Amino acid sequence: MKTNRKEIKETNFSEFTGEELANAFVFPADKVLSEKEKKEEDDFWKARRNQFENRTHRQKMYSGLLQLKFQLEDYIDSSQYVEALSFGFFLNEYVSRQDKKDKDFAAEVDVKPAVLSQYINNHRKPTDEFIIRLELHSNGMIPAISWFKVVQKDKEHEIMTNQKLRDEESKYVKNRLGFAY
């Protein structure tokens, strides 16, 4: 029986220069730009750079908070646990991206500065009321459910890795099920 399959050979990429590899994978422009088009493109990018550099403090803060929101959402959606990306980390970023002192922010959400510090340094778990205040403070930009999910992710990791607690609680369990899984 005859097949129409072609023989597949592995390519040794070390035989090619970097430029040859780039040319093989980068699509060339359909046409060469005229001098007028090049100037228009340069002018466009100059204007964009100028606009970016001349953003107001409020625009920069808004951009930073949006970036934080997306970072928080990406972390929540990932299956990975990263110890450094705790509730305290995101709270600290939220405060610092507003260029506020912890004391001033604490007053804005009606908690004592010491309590805010404990939240930021992961020495205390945030209350539901505090998390709702964060949503209200951000005017809904970062929903309370996102803050809750970060706290939950921290708790999940703590439960999964706390062998000492498992050992302590083991003495209270009798007649364990005999199923093997």
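Peer 1: How do you make sense of the packing of aromatic side chains when you look at a structure like this?
Peer 2: What characterises a pair of aromatic rings is the spacing of the ring centres plus the angle enclosed by the ring planes. One pass over the full model with this rule turns up seven aromatic pairs. Each ring, one from Tyr75 and one from Phe90, has its centre 6.0 Å from the other, and the planes form 35 degrees; the classification is tilted. With Tyr75 in helix H3 (residues 57–77) and Phe90 in helix H4 (residues 87–96), the pair connects residues that are 15 residues apart, well separated along the chain. Side by side, Tyr75 and Phe90 carry an identical accessibility label, which is buried. Measuring from ring centre to ring centre gives 5.6 Å for Phe87 and Trp147, while their planes differ by 70 degrees; the resulting arrangement is edge-to-face. With Phe87 in helix H4 and Trp147 in helix H8 (residues 144–161), this pair connects stretches of sequence that are 60 residues apart.

Peer 1: Before we go on, may I ask you to explain the packing of H4 against H8 in this structure?
Peer 2: For any two helices packed against each other, one specifies the crossing angle of their axes together with the interaxial distance. Between H4 and H8, the least distance of the axes is 9 Å, while the angle of their chain directions is 145 degrees. In contact with Phe87, Phe90, Leu91 and Tyr94 of H4, H8 contributes Trp147, Val150, Val151 and Asp154. Considering only residue class, the contact of H4 with H8 consists of seven nonpolar, no polar and one charged.

Peer 1: Explain the pattern of salt bridges here, please?
Peer 2: Here the idea is simple: oppositely charged side chains can pair when their charged atoms come close. For the coordinates displayed, the defined rule picks out six salt bridges. One salt bridge connects Glu35 with Lys38, and the closest N-O pair in it is separated by 4.0 Å. Here Glu35 pairs with Lys38, and both are found in helix H2 (residues 35–53), just three residues apart, close to one helical turn. What makes Glu35 exposed here is its relative accessible area of 63%. For Lys38, a relative accessible area of 38% translates into the label partly exposed. For Glu108, the salt bridge goes to Lys100, with nearest N and O atoms at 2.6 Å.

Peer 1: How should I be thinking about the environment of Asp154 in this particular structure?
Peer 2: Within the fold, Asp154 resides in helix H8. Judged by relative accessible area, which is 10%, Asp154 ranks as buried. For Asp154 and Phe87, which are 67 residues apart along the polypeptide, the C-alpha to C-alpha distance reads 7.6 Å. Sequence-distant contacts of Asp154, that is, excluding residues within four places in its chain, are made with Tyr81, Leu85, Ser86 and Phe87.

Definitions and cut-offs
- Sequence order as written defines the numbering, with residues in each chain counted from 1.
- Only residues with pLDDT of at least 70 get local features here, since the model is predicted, and only at 80 or more are side-chain atom pairs given and counted; chain-wide, interface and lining totals rely on the full set of residues.
- Hydrogens and waters are ignored; side-chain quantities use all the structure's heavy atoms.
- Classification of ring pairs rests on two measures: the distance between centres of Phe, Tyr or Trp rings, Trp counted by its six-membered ring, which must be within 6.5 Å, and the angle between planes, read as stacked under 30 degrees, edge-to-face over 60 and tilted in between.
- By the criteria applied, helices consist of DSSP H or I runs no shorter than four residues and strands consist of E runs no shorter than two, each listed in order from the N terminus.
- A simple rule labels every residue: compare its accessible area, found with a 1.4 Å probe on the protein chains alone, to the largest value its type can have, and call it buried under 20%, exposed over 50%, or partly exposed in between.
- Comment: axis = line fitted to C-alpha atoms, over the contacting stretch for helices; angle = value between 0 and 180 degrees taken between N-to-C directions.
- Only heavy atoms matter for contacts: two residues are in contact if any of them lie within 4.5 Å across the pair.
- Residues are grouped as follows: Ala, Val, Leu, Ile, Met, Phe, Trp, Tyr, Cys and Pro are nonpolar; Asp, Glu, Lys and Arg are charged; every other residue, Gly included, is polar.
- Salt bridge criterion: a side-chain nitrogen from Lys or Arg within 4 Å of a carboxyl oxygen from Asp or Glu.

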